[in-house]
Amino acid sequence: MRRWMIMLLAVCVIAVLTASMLAWNLSNSKATQLRVDRNFDNPEGERALTAAESADYATITSFERFNGPGGPEAYIHPEPYLAYTYANFVDTEVINYYQTRYNYQLNQTNTKGITLNYVANVTKLAHLHIFNCPDQSLIDQNQTIPWRNNAVVFYDIENSAPLMTTNFMSSYAHVFYKNQSEYQTWHPEIELNFSDCYFIEMNFQYSEYYAPTAAFFSDVYQIVILDKDLMPLWIGISAGQAVS
């Protein structure tokens, strides 16, 4: 009987220690996700994506690259990082900043979760038509097309099919197109046709989690159309941010 009690006590002690170690590991572990995918079919597509990531969006849009509590230039000083920093568009400097910030936060005990996702896709098109308020007969019936002037259709004329339909007409989205030598705000009534161009879709997401009521995220969805000389013709930017 005494031997059985000693064995039972030993089992209980082991169970308590195991549970304590598991709880400690869970409380000190980080939920992390890092994904950077650049998708293109050939060196020509790679050059197009490099050009899209290197374009001077600050000049074209008149937006600061970042915003946050410390002002647009505070992000330049990486350590300590500002609590909340948001991107207004996607370019090489934005991607590099958040990748460096991601690596830095991996070693910070107050950061419980970090996510960085960036996916870019390049499509070469012979003829592209961009328009708003689509004719439903032109759209694949399997797609859900928002109406009320908020759907932008990118139509592949060569293949007689929509390449993509997306919402760039909301209050938090901004669209620009090149009219001769200047960039202007795109309006729904303007239809555009481009030939021999590149369609680049860029989807960027970054977030940090500190506690159940402390986190922030910065998301940017961006479409850039380049001409054959890799100059931006059309730029659509939808940037979102939140903090708790």
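Definitions and limits used
Residues numbered from 1 in each chain as written. Predicted model: local features only at pLDDT ≥ 70, side-chain atom pairs only at ≥ 80, totals over all residues. Heavy atoms only, no water. Helix = DSSP H or I, 4+ residues; strand = E, 2+ residues; numbered from the N terminus. Contact = heavy atoms within 4.5 Å. Areas by Shrake-Rupley, 256 points an atom, 1.4 Å probe, with all protein chains shown as cover. Core = buried A, V, L, I, M, F, W, Y, C linked by side-chain atoms within 4.5 Å. Buried < 20%, exposed > 50% of the residue type's maximum accessible area, 1.4 Å probe, protein only.

A.B. asks: Hey, could you run me through the overall build of the protein chain in this one?
C.D. replies: Across its full length, the protein chain carries four helices and 11 strands. The contacts in the protein chain between residues at least 6 apart in sequence include a share of 63% that link residues at least 24 apart. Surface accessibility of the protein chain: about 13700 Å² in total, with carbon and sulfur atoms responsible for 54%.

A.B. asks: Any chance you could explain the nonpolar core here in plain terms?
C.D. replies: Nonpolar side chains in soluble globular proteins tend to be buried together. Ranked by internal contacts, the top residues of the largest apolar core, which has 36 residues, are Tyr98, Tyr118, Ile200, Met202, Phe204, Tyr206 and Leu226. Breaking this core down by element, the ones donating at least two residues are α2 (43-54), α3 (57-61), β3 (86-87), α4 (92-105), β4 (113-132), β9 (192-211), β10 (214-226) and β11 (232-243). In terms of residues, this core owes the most to one element, β9, which gives six residues. Leaving out residues up to four positions away in the same chain, Tyr98 has contacts with Phe66, Thr85, Tyr86, Ala87, Leu116, Phe204, Tyr206 and Ser218. Counting residues in each nonpolar core, the second largest holds 19 residues, with Ile130, Val175, Leu192 and Cys197 among its members.

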